[in-house]
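# What the coordinates show
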Amino acid sequence: QVQLVESGGGLVQAGGSLRLSCAASGRTFSSYHMGWFRQPPGKEREFVAAITWNGANERYTDSVKGRFAISRDNAKNTVYLQMNSLKPEDTAVYYCAADRNFIRLVTTIKTLDAWGQGTLVTVSS
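Attention here is on the structure that accompanies the text. Counting of residues starts from 1 at the beginning of each chain's written sequence and follows it residue by residue. The model is predicted, so local features are restricted to residues of pLDDT at least 70 and side-chain atom pairs to those at 80 or more, both for listing and for counting; the totals for chains, interfaces and linings are taken over all residues. Hydrogens and water molecules were not included; the side-chain quantities draw on all heavy atoms of the structure.

## Re the overall build of the protein chain
Rules: Secondary structure elements follow DSSP: runs of H or I of four or more residues count as helices, runs of E of two or more count as strands, with numbering from the N terminus. Taken over C-alpha atoms, the radius of gyration is set against a globule rule of 2.2 Å times the number of residues to the power 0.38. Note on definitions: a residue-residue contact is assigned when non-hydrogen atoms from the two residues lie within 4.5 Å. Only the protein chains shown count as cover for residues, with accessible areas throughout obtained via the Shrake-Rupley method and a probe of 1.4 Å. Note that His is not counted, nor are the chain ends; the positive residues are Lys and Arg, and the negative ones are Asp and Glu. To locate a charge, take atom NZ for lysine, CZ for arginine, CG for aspartate or CD for glutamate.
Scanning the protein chain from N- to C-terminus turns up one helix and eleven strands. Helices and strands in the protein chain line up, N terminus first, as β-β-β-β-β-β-β-β-β-α-β-β. The globule rule puts the C-alpha radius of gyration for 125 residues at 14 Å, and the 13 Å found for the protein chain is close to it. Here the analysis covers contacts within the protein chain between residues at least 6 apart in sequence; of these, 59% occur between residues at least 24 apart. Of the accessible surface of the protein chain, which amounts to about 6300 Å², a share of 48% is contributed by carbon and sulfur atoms. Of the charged side chains in the protein chain, 14 are positive and 10 negative, and the gap between their average positions amounts to 3 Å.

Here it is as structure tokens:
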């Protein structure tokens, strides 16, 4: 099992940028597909982006396409989420997750293999 720790959240003005990081423990990081999810205040957790174990494929929810970019560095056991042109509606707790099944990662939330504790992103208008 992999353990995940997010960092990089904070307060940013609309139009600004942030880069989130998710550090994984263990030697099996490269065997996991990785994803980012978010939970806006008072709403359910939702999918944001995912990347395959080797970085060859990425998926994004429509609302972040062209603004967010997911990447990973298997040598550093870390996955990133670069967020540009941030909007107030991007305000949420952001979570990273790991799963060995990419389809499950992009379609299912509740049964994923591992979750981080979350990092808060607040975008002011």
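So, next bit.
## Things to note about unusual backbone geometry
Keep this limit in mind: Three labels apply to residues, based on accessible area from a 1.4 Å probe with only protein chains included: buried if under 20% of the type maximum, exposed if over 50%, partly exposed otherwise in between.
Positive phi, close to 55°, is recorded for N77, a residue that is not glycine. Position of N77 relative to the elements: it lies in the loop between β7 (68-73) and β8 (78-83). A relative accessible area of 18% places N77 in the buried class. Unusually for a residue other than glycine, S85 sits at a positive phi of about 50°.

## Re the state of the cysteines
Our working definition: Here, a disulfide means two cysteine sulfur atoms that sit within 2.5 Å of each other.
With the rule as written, the count across this model stands at one disulfide. One disulfide in the model links C22 with C96; its S-S distance is 1.9 Å. Residues C22 and C96 are joined through a disulfide that is right-handed, its torsion about the S-S bond being 50°. Of this pair, C22 sits in strand β3 (residues 18-24) while C96 sits in strand β9 (residues 92-99); the two residues are 74 residues apart in sequence, bridging distant segments of the chain. Across the pair, exposure class does not vary: C22 and C96 are buried alike.

## Thoughts on the packing of aromatic side chains
Let me state the cut-off plainly: Stacked, edge-to-face and tilted labels apply to pairs of Phe, Tyr and Trp rings (six-membered ring for Trp) whose centres lie within 6.5 Å, assigned for plane angles under 30 degrees, over 60, and everything in between, in that order. In this scheme, Lys NZ or Arg CZ marks a charge over a ring once it lies within 6 Å of the ring centre and within 35 degrees of the ring normal.
Across all of its chains, the model carries three aromatic pairs by this definition. Taking the centre distance of 5.7 Å and the plane angle of 75° together, the rings of F37 and F47 count as edge-to-face. Here F37 is found in strand β4 (residues 33-39), whereas its partner F47 is found in strand β5 (residues 46-51), with ten residues between them in sequence. The pair F37 / F47 is uniform in exposure class, with both members buried. Arranged with centres 6.3 Å apart and planes meeting at 90°, the rings of Y95 and W115 form a pair that is edge-to-face. Separated by 20 residues along the polypeptide, Y95 in strand β9 and W115 in strand β10 (residues 114-115) bring together distant segments of the chain. Among the residues examined, W115 registers a relative accessible area of 26% and is labelled partly exposed. Clustering of aromatic rings is evident, with ring pairs tying together F37, F47, Y95 and W115. Positioned over the ring face of Y95 is R45, at 3.7 Å from the centre of the ring.

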